[in-house]
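# Breakdown of the fold
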Amino acid sequence: MNIIVAVDKNWGIGCDNKLLVSIPDDMKFFRETTTGNVVVMGRKTLESFPGGRPLKNRINIVLTRDKNYDAKGAIVVHSKEELMKELARYESDKIYVIGGESIYRMLLDECDVAHVTKIDYAYKADAYFPNLDELAEWKVVQDSEEQTYFDLEYKFYKYSKVTEKNE
């Protein structure tokens, strides 16, 4: 499974249920990477999308504890066990965890690859992603040239989980 996320200098990912910043090339990367695949998110992440609607051209799976929650056009599950059972129907490398914080933390150990856009700026944030640079089991396997959007600098990183066979 994959994770895809944009983080600031402090690994912040959001504030008040909104992204910290919207960078067109990052959005394009997200769209191109996840289109045609499965995206896994929490209820608040879904509700943060335009109109609270699922993303087009993807299988949207929403994890929520709310048993009465209905998301038209999405598959709704209510526990990690139910989610894992649903995800078993798909190829692991076609699954992308897209947030928010609690979903990222819950599923990080299930993932092998993390696509991280690192923004060289510290925003006011109330949601964070685990700092992969501090976790021995994750290592950078690819990074891009530095990009700029107005005065923001950012880079795309691909992390891979270290296993005995790929060390």
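A brief structural summary. Just so you know, these numbers come straight off a predicted model, no measurement behind them.

### Digging into the pairing of strand 7 (residues 95-99)
- Most of strand 7 sits inside the fold, with five of its five residues counted as buried.
- As paired elements, strand 4 (residues 38-42) and strand 7 share four bridges and run parallel to each other. Its bridge partner lying in strand 7, Val 40 is registered against Val 97.

### What to know about the nonpolar core
- By size, the foremost hydrophobic cluster in this structure holds 29 residues, and its most contacted members are Ile 3, Phe 129 and Leu 132.
- For this core, the secondary-structure elements that each account for two or more residues are strand 1 (2-7), strand 4, strand 5 (59-63), helix 3 (80-87), strand 7, helix 4 (101-107), strand 8 (113-119) and strand 12 (152-161).
- Among residues more than four places away in sequence, those in contact with Ile 3 are Val 97, Tyr 104, Leu 108, Cys 111, Val 113, Ala 114, His 115 and Phe 129.
- In terms of nonpolar packing, the next biggest core, distinct from the first, is built from 13 residues, Leu 46, Leu 55, Tyr 96 and Ile 98 among them.

### Details of the packing of aromatic side chains
- Within the structure shown, the criterion is met by eight aromatic pairs.
- The interplanar angle of 65° and the centroid separation of 4.6 Å between the aromatic rings of Tyr 121 and Tyr 123 together place this pair among those described as edge-to-face.
- Take Tyr 123: its relative accessible area is 21%, and that puts it in the partly exposed class.
- Ring plane angle 90° and centroid distance 5.6 Å describe the contact between Tyr 154 and Phe 156, whose orientation is recorded as edge-to-face.
- A relative accessible area of 2% places Tyr 154 in the buried class.
- Linked through ring pairs, Trp 11, Tyr 104, Phe 129, Tyr 157 and Tyr 159 together constitute an aromatic cluster.

### A closer look at the sheet that holds strand 9 (residues 127-128)
- Spatially, the three strands line up as an open sheet ordered 3-2-9, and their pairing is antiparallel. Only two strands of the sheet have a single partner each, and these edge strands are strand 3 (18-19) and strand 9.
- Pairing analysis gives two bridges linking strand 2 (residues 12-15) to strand 9, with the strands arranged antiparallel. What sits directly across from Gly 12, in strand 9, is Tyr 128.

### A few points about the layout of surface pockets
- Approximately 1200 Å³ is the volume found for the largest pocket.
- As for the largest pocket, its lining consists of 46 residues, of which Thr 45, Ser 48, Ile 98, Gly 99 and Gly 100 are closest to the centre.
- Every element with two or more residues in the lining of the largest pocket is listed here: strand 1, strand 2, strand 3, helix 1 (24-34), helix 2 (43-48), strand 7, helix 4 and strand 8.
- Taken together, the residues of the lining of the largest pocket sort by class into 22 nonpolar, 13 polar and 11 charged.

### As for the pattern of salt bridges
- Counted according to the given criterion, the structure contains eight salt bridges.
- A salt bridge links Lys 155 to Asp 143; the shortest N-O distance between them is 3.3 Å. In this pair, Lys 155 is assigned in strand 12 and Asp 143 in strand 10 (residues 138-143), connecting sequence segments 12 residues apart.
- Take Lys 155: its relative accessible area is 22%, and that puts it in the partly exposed class.

### Some remarks on the pairing of strand 4
- Counting buried positions along strand 4 gives five out of five residues, so the element sits mostly inside the fold.
- Residues Val 38, Val 40 and Gly 42 point to one face of strand 4 and Val 39 and Met 41 to the other, with burial holding for every one of them.
- Of the pairings in the sheet, the one linking strand 4 to strand 5 comprises five bridges and is parallel in character. Each bridged residue has a counterpart across the sheet, and for Gly 42 the counterpart in strand 5 is Leu 63.

### Considering unusual backbone geometry
- Gly 100 follows Gly 99 through a cis peptide bond whose omega is 0°.
- Here Gly 100 shows up in the loop between strand 7 and helix 4.
- A positive phi angle is found at Phe 150, which is not glycine, with a value near 55°.
- Here Phe 150 is to be found in the loop between strand 11 (147-149) and strand 12.

About the cut-offs
Residues numbered from 1 in each chain as written. Predicted model: local features only at pLDDT ≥ 70, side-chain atom pairs only at ≥ 80, totals over all residues. Heavy atoms only, no water. Buried < 20%, exposed > 50% of the residue type's maximum accessible area, 1.4 Å probe, protein only. Helix = DSSP H or I, 4+ residues; strand = E, 2+ residues; numbered from the N terminus. Pairing = 2+ DSSP bridges. Core = buried A, V, L, I, M, F, W, Y, C linked by side-chain atoms within 4.5 Å. Contact = heavy atoms within 4.5 Å. Phe/Tyr/Trp six-rings, centres within 6.5 Å; stacked < 30°, edge-to-face > 60°. 1 Å grid on protein atoms, 1.4 Å probe; cavity = no way out; pocket = protein on both sides within 12 Å on 5 of 7 lines; lining within 4 Å. Points joined across faces, edges and corners; volume = space filled by probe spheres on them. Nonpolar A, V, L, I, M, F, W, Y, C, P; charged D, E, K, R; others polar. Salt bridge = Lys/Arg side-chain N within 4 Å of Asp/Glu carboxyl O.

Taken by themselves, the reported measurements are silent on function.
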